[in-house]
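Geometric and topological summary
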Amino acid sequence: MLNRTGGFLDDQGQPDRAITYFQRALSCWTRVLGEDHPDTLASRNNLAHAYRSAGDLGRAIPLYERMLTDTERVLGDEHPITTAVRGNLAAAVAQRDGRPKPC
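Reading the values: the criteria
Note on numbering: residues in each chain are counted from 1, in written sequence order. Totals for whole chains, interfaces and linings use all residues, but because this is a predicted model, local features are given only for residues with pLDDT of at least 70 and pairs of side-chain atoms are given and counted only at 80 or more. Calculated side-chain values reflect all of the structure's heavy atoms, with hydrogen atoms and water omitted. Strands are runs of DSSP state E lasting at least 2 residues, helices are runs of H or I lasting at least 4, and numbering of each runs from the N terminus. Counting of polar contacts relies on pairs of N or O atoms within 3.5 Å, with two restrictions inside protein: one atom must be capable of donating a hydrogen and the other of accepting it, and residues adjacent in sequence are counted only when both atoms are side-chain atoms. Any two residues whose heavy atoms approach within 4.5 Å are treated as being in contact. Note on definitions: salt bridges are taken to be side-chain nitrogens of Lys or Arg within 4 Å of carboxyl oxygens of Asp or Glu. Burial classes follow relative accessibility: with a 1.4 Å probe on protein chains only, a residue under 20% of its type's maximum area counts as buried, one over 50% as exposed, and anything between as partly exposed. Helices are assigned an expected span. That span is 1.5 Å times one less than the residue count. Picture the helix axis, draw a direction to every C-beta atom, and the arc is the one those directions span.

Focus: the side chain of Asn3
Position of Asn3 among the secondary structure elements: in helix α1 (residues 2-11). There is a polar contact of 3.3 Å between the side chain of Asn3 and the side chain of Asn46. Contact partners of Asn3, with chain neighbours within four places excluded, come to Phe22, Ala25, Trp29, Ser43 and Asn46.

Brief notes about the pattern of salt bridges
Under the counting rule described, the total for this entry stands at 9 salt bridges. Note that Arg86 and Glu72 form a salt bridge whose closest N and O atoms lie 3.2 Å from each other. Here the residue Arg86 occupies a position in helix α5 (residues 80-97), and Glu72 occupies one in helix α4 (residues 57-75), the gap between them amounting to 14 residues. In this structure Arg86 comes out as partly exposed when scored by relative accessible area, which is 33%. On the basis of relative accessibility, which here comes to 29%, the residue Glu72 falls in the partly exposed class. A salt bridge links Arg96 to Asp97, with the shortest nitrogen-to-oxygen separation between them at 2.9 Å. Residue classification places Arg96 among the partly exposed positions, given a relative accessible area of 48%.

What to know about the side chain of Thr82
Tracing the backbone shows Thr82 in helix α5. With near-sequence residues (within four places) excluded, Thr82 lies in contact with Leu68, Thr71, Glu72, Leu75, Gly76 and Asp77.

Some remarks on α5
Along its 18 residues, α5 runs 26 Å from first to last C-alpha, staying within 8% of the 26 Å computed at 1.5 Å per residue. Among the residues of α5, Thr82, Val85, Leu89, Ala91, Ala92, Val93 and Ala94 are the ones counted as buried. Directly after α5, the chain includes Gly98, whose backbone phi takes a positive value near 75°.

Considerations on helix α2 (residues 15-33)
In this model, α2 (19 residues) spans 25 Å end to end at C-alpha, consistent with the 27 Å of a helix rising 1.5 Å per residue. Along α2, the residues classified as buried are Pro15, Ala18, Ile19, Phe22, Ala25 and Leu26. The arc enclosing the buried residues of α2, seen along the axis, measures out at 135°, which places them on a common side. Exposed side of α2, more than 90 degrees from the buried face: Arg31 and Val32 are the residues found there. Turning to α2, the residues buried within the fold contact α1 and α3 (38-53).

Here is the structure:
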């Protein structure tokens, strides 16, 4: 429910409010399922996305980097989630550096 509420708020252009829900969701998933569970990884990605939406690239990029390391280790280099995270990280870095989004 926390992730869904955060996603709704983020979709409504309220990333600052969404961050609170995503932080709580990540804390719960980590405590209950552990660091490497796919739901925990997805929750971390949601939080990174909300930080990016809020313009807080200083928090988004390190989360994306950690997420990429973890998904490569847990799911493998070729997994669709790993590929998506790689793209999210590249887009956040491009945004930080003022470059166009990578294709």
